[in-house]
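# Close look at the chain arrangement
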Amino acid sequence: MKKPNQNIKSSSQKPILLISKLHKKYNEGKPNEVHALKGIELSVKKGDMMAIMGASGCGKTTLLNMIGHLDKSSSGSIIIDEVDTSLLSDSKMTAFRRDKIGFIFQLFNLFPFLTAVENVETPLLLSGIRSGLAREQAKMLLRELGMGDRLYHLPTELSGGQQQRVAVARALINQPAIILGDEPTGDLDSATSAEVMDLFRRINRINQQTL
Ligand SMILES: Nc1ncnc2c1ncn2[C@@H]1O[C@H](COP(=O)(O)OP(=O)(O)OP(=O)(O)O)[C@@H](O)[C@H]1O
Ligand SMILES: [Mg+2]
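As the structure is a computational prediction, the values presented were derived from the model and not from experiment.

### Quick word on the overall build of the protein chain
Helices and strands together make up the secondary structure of the protein chain, namely six helices and six strands. When the helices and strands of the protein chain are placed in sequence order, the string is β-β-α-β-β-α-β-α-α-α-β-α. In terms of C-alpha radius of gyration, the protein chain reaches 18 Å, essentially the compact-globule figure of 17 Å for 211 residues. Taken along the three principal axes of its C-alpha coordinates, the protein chain extends 60 × 50 × 40 Å. Across the 211 residues of the protein chain, 39% fall into the buried class. Across the protein chain, every contact between residues at least 6 apart in sequence was considered, and the portion connecting residues at least 24 apart equals 67%. Here the protein chain has roughly 12,000 Å² of accessible surface; of this, 53% comes from carbon and sulfur atoms. Between the mean site of the 27 positive side-chain charges and the mean site of the 22 negative ones, the protein chain shows a separation of 6 Å.

Structure (structure tokens):
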């Protein structure tokens, strides 16, 4: 008997993220060396949503920094959307990161002197989209996230959950293949935090983006 969906889904079954034998040592070779990641193996399919859990100091942030290429690994490989990132030059990597990866870090990483809509349109402007179009797309996404009446507020004029929605919109605006969040609900009260998790689930379902 034929298994349902097997043929249709074969191309989307390729992992969007494939990590093998990943090691990270901080201060390598020095007395204060920390071997933070010891041979991580991880495969994540397109459209998956996963959480990395573990005790404080176990290496969660380190792993996200490796996946996001905010810091260099010591050895091992990271393949994103079938591209072995170790083969990219620094300038190619910068563009790759901008196009493929969205970051949602803890609160307060919004640009403080930019309004909500300016924060969200920034990644589009950086990828060369003309400003009128960037503005329209940013407004549309913020409206979808229930922020239509806060477009021109500064981060300090927004609640924690609203700031987080702006941060989420900024991470999503480029339609990245992978969205990384480091304790994205960490500083929020439980109601707001449930709201943000709900938002992630909705995004994950609608856009098939990997979180
Ligand atoms: N820049 C650094 N230099 C040296 N050691 C570091 C550095 N960053 C992290 N470490 C060490 O690497 C280990 C992993 O840290 P990491 O920040 O990844 O942990 P975590 O799982 O995110 O913890 P938490 O839940 O507390 O955020 C820790 O033992 C930490 O002390
Ligand atoms: Mg951490």
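### Quick word on unusual backbone geometry
A positive phi is found at N27, a non-glycine position, where the angle reads about 50 degrees. For N27, a relative accessible area of 36% puts it in the partly exposed group. Despite not being glycine, D81 has its phi angle at roughly 50 degrees, a positive value. Of note, D81 is situated in the loop between strand 3 (75–80) and strand 4 (83–84). Of the residues examined, D81 reaches a relative accessible area of 28% and is grouped as partly exposed.

Rules used in this analysis
Residues numbered from 1 in each chain as written. Chains lettered and ligands numbered in written order. Predicted model: local features only at pLDDT ≥ 70, side-chain atom pairs only at ≥ 80, totals over all residues. Heavy atoms only, no water. Helix = DSSP H or I, 4+ residues; strand = E, 2+ residues; numbered from the N terminus. Rg over C-alpha atoms; globule rule 2.2 N^0.38 Å. Buried < 20%, exposed > 50% of the residue type's maximum accessible area, 1.4 Å probe, protein only. Contact = heavy atoms within 4.5 Å. Areas by Shrake-Rupley, 256 points an atom, 1.4 Å probe, with all protein chains shown as cover. Lys, Arg positive; Asp, Glu negative; His and termini not counted. Charge placed at Lys NZ, Arg CZ, Asp CG, Glu CD.

Bear in mind that shape data such as this cannot, by itself, settle questions of function.
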